[in-house]
Amino acid sequence: MKYFSIVLWAGVINAIFLGNLCIHAHAQEQTQLPGQAEEETGFALTDQPLEIWTFIDDYRVITGKTLHLTVQVMWKLGVTVNLEGMEKIDFSPFTTENVTIGERQIFDNEHDYAVITYALSLPSDIKAGIYSIPSFSLSYRDEVDKTEGMEASAPVAIKKVGMLAEGKVDRDVIAIGDRITYTLTIRYEKTVRLLQESIEKLNFSPFEVLQRDMEKSTEGTTEKVVITYTLSLYELAGKKKTPEIPELTVLYYGESSSHSGTAKTEGVLVETQEVKTTSIPIIVNSLLKAVDVPLEGIKGPMSYSRNHAFFHGYLPMGAGVILFVFLGVTALRSLAGKWSSAPPKPAVETPHLALERLKNTLSRFQYTGDEATNRNTIHNINKALRTYAGMLIGISNERAQSATTSGFLKYDTQKQLSEEISMILQTVLKQLDELIFGRHIEKESVDKMLQGVKEIIEKTGIKVS
């Protein structure tokens, strides 16, 4: 109905606009202002009575850094949601520092929503690794058909790391020769050491470094280094018309996890890890001067005859009104039929359905050059595999999604899976963690993961067929 209403209003407004344009048209040129594009979200509304969406501002965290978890609760009109106790939800191992519960608001003609924001942190003594913000459930009652139900949120995986680096600029639109202030902020645990040599040789090409200032400070259990660079651009090298401040790599050492290389410090060879900033595109104003737009002289208003005004103005407006009334009546009839019909019964989740969903997710996966697309699809494979494996060993989907990789198979107390399948499943779950939280996604690693999932399907598909 939402999209139908959009099309309906677009047709009416178009007809009225064309009519007025023909009556009051002028030959004088007017500047057309660009319209604001509607922000796209990563979620789509379904036909469920209640939906819980979760958003996180950063999937990597160090000690002392606050994470902001935003929960958007969306429900249909006629549904009552129990939001009491939202401030008391246990997100262990995360600690809740603050909770902000928003007022109920109108989303569209069929939905209302509320936004709850949590400020979370990890204890200072927790080790580096992957942790999960657990899911939670909300109860609701449908006042229309007098039914009750529960809806659960999706768990969110967070990686505890030893160092974070972030780069910001004071402006991203300049002219040739202007100066940009780039601030590089590095925060790291006291258990690790920053490799000073790595920050001394940072490359900002094609920008030139005019000045560099560095400040060091301590914030609780973490160290903080703020380096302020003054950059400038004097020419556009090559064919690239939109220069960018490149991603910067900072090296550190001292924690026993995956390593990115080796370096010498004080004559000793140490294993290092790396953290990277995000590249920042810069717009150069001088590029706009290359567009040569000819200007026309101003002309006076143009008059039209009565017949022209009738056939090109009032007649289209009248047709638009008639079309609006006809489509409005049709929409109301369709809406009345939808409300009067009994709601469909929800499908019961079975291992057959979970297996088919996993197969469909695998068949839709295609490795591309876009890492964001690859990571999102791999995340879907991880969710589908956990759902299917959880049903095989007899645990709920909520527990299957929130369980850690190392402890997933501990729930298989009845030994529903053979030793061979358990080993393959454990390996595939570890591969999925590395692909989701790793810095780069290599095709060879993806192929190994996909082969493991296919082996699980082949060896367990007989049990559910």
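Residues numbered from 1 in each chain as written. Predicted model: local features only at pLDDT ≥ 70, side-chain atom pairs only at ≥ 80, totals over all residues. Heavy atoms only, no water.

K.L.:
Got a minute to help me understand the overall build of the protein in this structure?
P.N.:
Across its full length, the protein holds eight helices and 23 strands. Counting over 465 residues, the protein shows a buried share of 36%. Within the structure as shown, the protein displays about 29,100 Å² of accessible surface, and the carbon and sulfur contribution to it stands at 53%. (Helix = DSSP H or I, 4+ residues; strand = E, 2+ residues; numbered from the N terminus. Buried < 20%, exposed > 50% of the residue type's maximum accessible area, 1.4 Å probe, protein only. Areas by Shrake-Rupley, 256 points an atom, 1.4 Å probe, with all protein chains shown as cover.)

K.L.:
Hey, could you run me through the nonpolar core in this one?
P.N.:
Nonpolar side chains in soluble globular proteins generally cluster together in the buried interior. Grouped together as the largest cluster of nonpolar side chains are 35 residues, with contacts concentrated most on Ile-378, Leu-385, Phe-408, Leu-425 and Met-449. Here this core gets nine residues from one element, more than from any other, and that element is helix 7 (residues 419-437). Among residues more than four places away in sequence, those in contact with Leu-385 are Leu-358, Leu-425, Val-428, Leu-429, Leu-432, Val-453 and Ile-456. One finds Ile-52, Ile-116, Leu-122 and Ile-133 within the second-largest nonpolar core, a separate group that totals 28 residues. (Core = buried A, V, L, I, M, F, W, Y, C linked by side-chain atoms within 4.5 Å. Contact = heavy atoms within 4.5 Å.)

K.L.:
How do you make sense of the pattern of salt bridges when you look at a structure like this?
P.N.:
Where charged atoms of side chains with opposite charge meet at close range, the side chains can pair. Applying the stated rule across the entire model yields 17 salt bridges. Between Lys-201 and Glu-197 there is a salt bridge whose closest N-O contact spans 3.1 Å. Overall, the relative accessible area of 61% leaves Lys-201 in the exposed class. Through salt bridges with shared partners, a single network forms among Arg-141, Glu-143, Lys-146 and Glu-148. (Salt bridge = Lys/Arg side-chain N within 4 Å of Asp/Glu carboxyl O.)

K.L.:
Would you mind showing me how to read the sheet that holds strand 4 (residues 79-81) here?
P.N.:
Across a sheet, paired strands are connected by hydrogen bonds in the backbone, their directions being either parallel or antiparallel. If you walk across this open sheet you meet the three strands as 4-9-10, and the pairing is antiparallel. The open sheet has two edge strands with one neighbour each: strand 4 and strand 10 (147-152). On average, each strand axis in the sheet is inclined to that of its neighbour by 25°, with strand direction left out of account. As defined by bridge partners, strand 9 (residues 137-142) adjoins strand 10 across six bridges and the pair is classed as antiparallel. (Pairing = 2+ DSSP bridges. Axes fitted to C-alpha atoms, helices over the stretch in contact; angles between N-to-C directions.)

K.L.:
Sorry, what's going on with the packing of helix 4 (residues 351-364) against helix 5 (residues 371-393) here?
P.N.:
Angle between the axes and distance between the axes: these two values describe a pair of packed helices. Contact geometry for helix 4 and helix 5: axes closest at 9 Å, N-to-C directions at 160°. Here helix 4 lies roughly antiparallel to helix 5, going by the angle between them. Helix 5 is crossed by helix 4, and the crossing has left-handed handedness. Side by side, helix 4 and helix 5 meet where Pro-351, Ala-354, Leu-355, Leu-358, Thr-361 and Leu-362 of the first sit next to Asn-380, Ile-381, Ala-384, Leu-385, Thr-387, Tyr-388 and Met-391 of the second. Per-class residue counts for the contact of helix 4 with helix 5 are 10 nonpolar, three polar and no charged. (Parallel < 35°, antiparallel > 145°, perpendicular 65-115°, else oblique. Left-handed = near helix turned anticlockwise from the far one by under 90°. Nonpolar A, V, L, I, M, F, W, Y, C, P; charged D, E, K, R; others polar.)

K.L.:
What am I meant to see in the pairing of strand 1 (residues 50-56) here?
P.N.:
Consecutive residues of a regular strand have side chains that alternate between opposite faces of the sheet. Burial analysis of strand 1 places six of its seven residues in the buried class, which makes it a mostly covered element. When strand 1 meets strand 3 (residues 67-76), the two strands line up antiparallel, connected through seven bridges. Bridge pairing in strand 3 links Ile-56 to Leu-69.

K.L.:
Would you mind showing me how to read helix 5 here?
P.N.:
For helix 5, spanning 23 residues, the distance from its first C-alpha to its last is 33 Å, which sits close to the expected 33 Å at 1.5 Å a residue. The N-terminus of helix 5 is capped by Asp-370, whose side-chain oxygen sits 3.2 Å from the backbone nitrogen of Ala-372. Backbone geometry just after helix 5 places Gly-394 at a positive phi near 85°. (Expected span 1.5 Å × (residues − 1). Polar contact = N/O pair within 3.5 Å; in protein donor to acceptor, adjacent residues only side chain to side chain.)

K.L.:
Looking at this model, I keep getting lost on the environment of Ile-106. Mind explaining?
P.N.:
Along the polypeptide, Ile-106 turns up in strand 6 (residues 105-106). In this structure, Ile-106 is in contact with His-111, Asp-112 and Tyr-113, ignoring residues within four places of it in sequence.

K.L.:
Would you mind showing me how to read the sheet that holds strand 14 (residues 179-189) here?
P.N.:
Pairing is antiparallel across the open sheet formed by four strands, whose spatial order is 12-14-17-16. Across the chains shown, the open sheet's two edge strands, defined by having one partner strand only, are strand 12 (163-169) and strand 16 (208-219). Averaged over all pairs of adjacent strands, the angle between their axes in this sheet comes to 15°, without regard to strand direction. Note: strand 12 against strand 14, seven bridges, orientation antiparallel. Considered in strand 14, the bridge of Lys-168 is made with Thr-183.

K.L.:
I keep staring at the pairing of strand 11 (residues 156-160) and nothing clicks. Help me out?
P.N.:
Side chains Val-156, Ile-158 and Lys-160 project from strand 11 onto a buried face, and the interleaved Ala-157 and Lys-159 project onto a face without burial. Sheet topology note: the strand 2 (residues 60-61)/strand 11 ladder contains two bridges and is parallel. Pairing of Arg-60 across the sheet is with Lys-159, part of strand 11. Taken together, the five bridges between strand 8 (residues 129-133) and strand 11 define a ladder with antiparallel strand orientation.

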